[in-house]
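Here's the letter readout for the chains.
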Amino acid sequence: MSNIKNLNLSNQKIKYKVCSDPEDNRYISFTPNDFDLPTRFAKAASEIKTFVEELETLKSDNIDKNIELLHTVDQKIKAQINYIFDYDVCQIVFGAVSCLTVNKENGMHFFEEFITALVPVIESEFSASIKQMKERTKKYTDLKGRFEGK
């Protein structure tokens, strides 16, 4: 018999459907109000920008080198996206498809579409959490004057 007891803490994760296609049942889950998420996001975005700049070295006369570079950059970008969420979301979001694949309709890379969809979610949740934290903290900081000098 085990002496393990459950703390019953909420993990605060929210489940998001990846695709609007009703037959596509891919979901990711993360804590959008995690105060470290914007830090990880900014760090990853900086790294991703550097990796995308590597694509400027693509040359039309060297297919083998291009394929190698595209694969390497794809893997580096996916690693940064996974870093943001602390698990392999790329397998769910992109599957075996390169995150550098370009959408024929809007010209964006697959990873750009994903990040662009995430930014408003993270910003909204972060702002709401800051507001909630300030309200909660105010309850305690308002008590400070009551106990001073008595």
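Here, every reference points to the structure presented above.
Residues numbered from 1 in each chain as written. Predicted model: local features only at pLDDT ≥ 70, side-chain atom pairs only at ≥ 80, totals over all residues. Heavy atoms only, no water.

K.L.:
Quick question: what am I supposed to make of the overall build of the protein chain here?
P.N.:
Across its full length, the protein chain carries 5 helices and 2 strands. From first element to last, N terminus to C terminus, the protein chain shows the α and β order β-β-α-α-α-α-α. Against the 2.2 N^0.38 benchmark of 15 Å for 150 residues, the protein chain shows a C-alpha radius of gyration of 21 Å, more extended than a compact globule. Taking the principal axes of the C-alpha coordinates as reference, the protein chain spans close to 80 × 45 × 35 Å. Burial status across the protein chain gives 23% buried among its 150 residues. In the protein chain, of all internal contacts separated by at least 6 residues, the share reaching a separation of at least 24 is 45%. Accessible surface for the protein chain amounts to roughly 11,100 Å². Of this, 54% is attributable to carbon and sulfur atoms. (Helix = DSSP H or I, 4+ residues; strand = E, 2+ residues; numbered from the N terminus. Rg over C-alpha atoms; globule rule 2.2 N^0.38 Å. Buried < 20%, exposed > 50% of the residue type's maximum accessible area, 1.4 Å probe, protein only. Contact = heavy atoms within 4.5 Å. Areas by Shrake-Rupley, 256 points an atom, 1.4 Å probe, with all protein chains shown as cover.)

K.L.:
Would you explain helix α2 (residues 63-85) in this entry?
P.N.:
One turn of an α-helix holds 3.6 residues; hence residues three or four places apart share an orientation. Here α2 contains 23 residues, and its C-alpha end-to-end distance of 33 Å stays within 8% of the 33 Å for a straight helix at 1.5 Å per residue. For α2, the set of buried residues is Asn66, Leu69, Val73, Asp74, Ile77, Lys78, Gln80, Ile81, Asn82, Ile84 and Phe85. Backbone geometry just after α2 places Asp86 at a positive phi near 65 degrees. (Expected span 1.5 Å × (residues − 1).)

K.L.:
It is not clear to me how the pattern of salt bridges should be interpreted in this structure. Could you clarify?
P.N.:
Two side chains bearing opposite charge may form a pair once their charged atoms approach each other closely. Under the criterion given, the structure shown has 4 salt bridges. Arg26 is the partner of Asp24 in a salt bridge, and the nearest nitrogen-oxygen pair spans 2.8 Å. Overall, Arg26 belongs to the partly exposed group, its relative accessible area being 26%. Of the charged contacts, one joins Asp34 and Arg40 as a salt bridge, the two residues approaching to 2.9 Å between their closest N and O atoms. For Arg40, a relative accessible area of 18% puts it in the buried group. (Salt bridge = Lys/Arg side-chain N within 4 Å of Asp/Glu carboxyl O.)

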